[in-house]
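Single-letter residue listing:
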Amino acid sequence: MAHRVRFRGLAAATLVAALAVTASTATATAAAAAQPAASANPVIVWNIHAQTAIFEVGRQSPTAGARSFAMVQGAVYDAVNAIAGTPYEPYLAAPAAGRGYSTPAAVATAAHDVLQSLFPAQADALRAQYDEALAAIPDGRAKRGGIRVGAAAAAAMIADRRDDGAFSAATWPVGTEPGQYRLTPPGFVQAGAWYAFLKPFAVDDPSAYRVAGPPALTSATYARQLNEVKSVGAINSTTRTPDQTEAAAWWDDYRQVEWYIKRELATGHRLSPLQTARMLAMVDIATADTMISCYQEKRRWSFWRPVTSIPLADTDGNPATSADPAWTPLRVTAPSPEWPSGHACYTSAIMTALRAFFGRDDLSFSAYSAESGTTRHFGSLAAARAELIEARIWAGVHYRGAAVQGDRLGATVTRAVLSEEFGRR
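Residues numbered from 1 in each chain as written. Predicted model: local features only at pLDDT ≥ 70, side-chain atom pairs only at ≥ 80, totals over all residues. Heavy atoms only, no water.

Looking now at the overall build of the protein chain. Secondary structure summary: the protein chain contains 14 helices and two strands in total. A compact globule built from 425 residues should have a C-alpha radius of gyration of about 22 Å, and the protein chain, at 22 Å, falls within 12% of that. Seen along its three principal axes, the alpha-carbon backbone of the protein chain occupies a region of about 75 × 45 × 40 Å. The long-range share in the protein chain, meaning contacts at least 24 apart out of those at least 6 apart in sequence, stands at 81%. (Helix = DSSP H or I, 4+ residues; strand = E, 2+ residues; numbered from the N terminus. Rg over C-alpha atoms; globule rule 2.2 N^0.38 Å. Contact = heavy atoms within 4.5 Å.)

Okay, structure coming up:
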């Protein structure tokens, strides 16, 4: 277990808010697009509000957003679990809760307080959502008690993540030798390197989880992987099918399809607020720790991305590769080193945690992506993981080995997190 302080009955902390920017109605509608109609579950309602704050308004990257979602859902889980009598091991806090305390009030308070701490400029919009949620709950002991529990759970999370290394000035190592990472077009920017140094949520040592490194530049394996992505991942590829092109865009949507998949499964399986809170906390905390290990491995191997290696293939010493200075991938390459694939780490963690929660792989689900303009359907979690690996190659942003290793790392770290967290007491 990571060395973090656990709290019991922690009093609510007073949060200082800056001047706010109000989120528009259109933005909130976009966050809720393609969602199941059922929104009576307050955990789902506030997960949608979290998406609005984190991405629609806050514009955090998927990796930075993983930390924010983990904080929100961890606090919501502790609040709901406490009101339910703490049937599961708390993540950080088990605030004292009386019989009949309001779960909706606790959920709204926990999520609101964490989000306000993360996005003080959105204080007015968040307060409006919070006031609307509380207005629907009758005044009285149950409401007051739920608010106290939610505030205590949020305060524990905020205190635990203070000075956790988020958004530091860390940068990726950049080299000039064949195989070494170089900044990628179109922006050639340094971004996200801080995540490798983030304090973990659950595991003791994120660096304990490793992946096999990239093949030698002169090997047949490297040539095969480079030539594959060069052919099928090019923007003007003649070997990629229309369905593969669609899948590459569908999975590459910054408004992550995984967010909708989680909510669809919660609604479709009629999960209670406690079950939903536990599922989302399991998924999001496992994902956050997976991405820490993933980014540490990216930093360790610091390998060049296809967008760099293919134009410079005449420098790699491999007679089975050839340079194409004009080669461009179908999708924009994220500004982080190769090996492993961050998206494969991310999606594998989510699917592995969902498999652990539901106790089965054969779950049917679908999600709509505005990026591709289509809905894709899956009959199992494994099928989604398998397509994601292929989609990163079809997109032209990863070698096959990097995607496979990312998928394995996500599963390994997630199993480690869930072996310690969220079990029955």
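With that out of the way, let us pick up the packing of helix H10 (residues 273–301) against helix H12 (residues 342–358). With their axes 8 Å apart at the nearest point, H10 and H12 run at an angle of 150 degrees to one another. Put simply, H10 runs roughly antiparallel to H12. For the crossing formed where H10 meets H12, the hand is right-handed. Along its contact with H10, which presents Gln-275, Arg-278, Met-279, Met-282, Val-283, Ala-286, Thr-287, Thr-290, Met-291, Cys-294 and Lys-298, the element H12 presents Gly-342, Cys-345, Tyr-346, Ala-349, Ile-350, Ala-353, Leu-354, Ala-356, Phe-357 and Phe-358. (Axes fitted to C-alpha atoms, helices over the stretch in contact; angles between N-to-C directions. Parallel < 35°, antiparallel > 145°, perpendicular 65-115°, else oblique. Left-handed = near helix turned anticlockwise from the far one by under 90°.)

Another aspect to go through is helix H6 (residues 141–160). In a regular helix each residue adds 1.5 Å, so 20 residues correspond to 28 Å; H6 covers 29 Å between its end C-alpha atoms and thus fits that length. Counting buried positions along H6 yields 14 of 20 residues, so the element is predominantly enclosed. (Expected span 1.5 Å × (residues − 1). Buried < 20%, exposed > 50% of the residue type's maximum accessible area, 1.4 Å probe, protein only.)

Turning to the environment of Asp-361, a few remarks are in order. Following the sequence through the fold, Asp-361 ends up in the loop between H12 and strand S1 (365–369). When the C-alpha positions of Asp-361 and Ala-382 are compared, they lie 6.7 Å apart, and in sequence the two are 21 residues distant. Aside from chain neighbours lying at most four places away, what touches Asp-361 is Arg-355, Ser-380, Leu-381 and Ala-382. A distance of 3.0 Å separates a polar side-chain atom of Asp-361 from the backbone nitrogen of Ala-382. (Polar contact = N/O pair within 3.5 Å; in protein donor to acceptor, adjacent residues only side chain to side chain.)

So, about the packing of aromatic side chains. Taken as a whole and assessed by the stated rule, the structure comprises 18 aromatic pairs. Centroid distance Tyr-222 to Tyr-399: 6.1 Å. Interplanar angle 50 degrees. Geometry classified as tilted. Of this pair, Tyr-222 sits in helix H7 (residues 220–232) while Tyr-399 sits in the loop between helix H13 (381–394) and helix H14 (400–418), placing them 177 residues apart in sequence. Judged by its relative accessible area of 1%, Tyr-399 falls in the buried class. Cluster of aromatic residues (ring-pair linked, three or more members): Phe-167, Trp-172, Trp-194, Tyr-195 and Tyr-295. Just above the ring of Phe-69 sits the side chain of Lys-262; from NZ or CZ to the centre is 5.7 Å. (Phe/Tyr/Trp six-rings, centres within 6.5 Å; stacked < 30°, edge-to-face > 60°. Lys NZ or Arg CZ within 6 Å of the ring centre and 35° of its normal.)

An α-helix turns once every 3.6 residues. As a result, residues three or four positions apart point the same way. Residues of helix H8 (residues 242–251) that are buried: Gln-244, Ala-247, Ala-248, Ala-249, Trp-250 and Trp-251. Buried residues belonging to H8 abut H7, helix H9 (257–268), H12, S1, strand S2 (374–378) and H13.

With that settled, consider the environment of Ala-208. With respect to the element layout, Ala-208 can be found in the loop between H6 and H7. Sequence spacing of Ala-208 and Ser-293 is 85 residues, and the spatial spacing of their C-alpha atoms is 8.1 Å.

A few words on the pattern of salt bridges. Counted according to the given criterion, the structure contains 19 salt bridges. Across the pair Glu-56 and Arg-255 runs a salt bridge whose closest N-O atoms are separated by 2.6 Å. Here the residue Glu-56 occupies a position in helix H2 (residues 42–57), and Arg-255 occupies one in the loop between H8 and H9, the gap between them amounting to 199 residues. Asp-252 is paired through a salt bridge with Arg-392; the nearest N and O atoms lie 3.0 Å apart. Highlighted residues: Asp-252 in the loop between H8 and H9 and Arg-392 in helix H13, separated in sequence by 140 residues. Each member of the pair, Asp-252 as well as Arg-392, is classed as buried. Each of Asp-243, Glu-246, Arg-376 and Glu-387 takes part in a single network of salt bridges with overlapping partners. (Salt bridge = Lys/Arg side-chain N within 4 Å of Asp/Glu carboxyl O.)

A residue-level look at the protein chain finds 91% of positions with pLDDT of 70 or above and a mean pLDDT of 92. Confidence drops under a pLDDT of 50 for residues 1–38, and excluding neighbours within four residues, the segment shows 90 contacts in the predicted structure. (pLDDT = per-residue confidence, 0-100.)

In this structure, Val-76, Val-114, Leu-115, Tyr-195, Met-279, Leu-354 and Phe-365 are the most contacted members of the largest nonpolar core, which totals 123 residues. Counting residues per element, this core draws most heavily on H10, at 14 residues. Sequence-distant contacts of Val-76, that is, excluding residues within four places in its chain, are made with Val-43, Val-107, Ala-110, Ala-111 and Ala-277. (Core = buried A, V, L, I, M, F, W, Y, C linked by side-chain atoms within 4.5 Å.)

Below, the discussion takes up the pairing of S1. Taken across its five residues, S1 has four buried, putting it largely inside the fold. Connecting S1 to the next strand, S2, in antiparallel fashion are four residues, including Gly-373 with a positive phi near 75 degrees. (Pairing = 2+ DSSP bridges.)

It is worth spelling out the pairing of S2 at this point. Only one face of S2 is buried: it carries Thr-374, Arg-376 and Phe-378, and the other face, with Thr-375 and His-377, is open. Sheet analysis places S1 next to S2, joined by five bridges and oriented antiparallel. Note on S2: the bridge partner recorded for Ser-369 is Thr-374.

Here the residue pair Pro-185 and Pro-186 is connected by a cis peptide bond, since its omega of 10 degrees sits within 30 degrees of zero. Along the chain, the position of Pro-186 falls in the loop between H6 and H7. The peptide bond linking Trp-339 to Pro-340 adopts the cis configuration, its omega dihedral lying at 0 degrees. Mapped onto the secondary structure, Pro-340 falls in the loop between helix H11 (306–309) and H12. Notably, Arg-270 is not glycine yet its phi reads approximately 50 degrees, a positive angle. Checked against the element boundaries, Arg-270 lands in the loop between H9 and H10.

Since its relative accessible area comes to 12%, Asp-252 is described here as buried. For Asp-252, the side chain forms a polar contact with the side chain of Arg-392, separated by 3.0 Å. What Asp-252 contacts, discounting residues up to four positions off in sequence, is Arg-331 and Arg-392.

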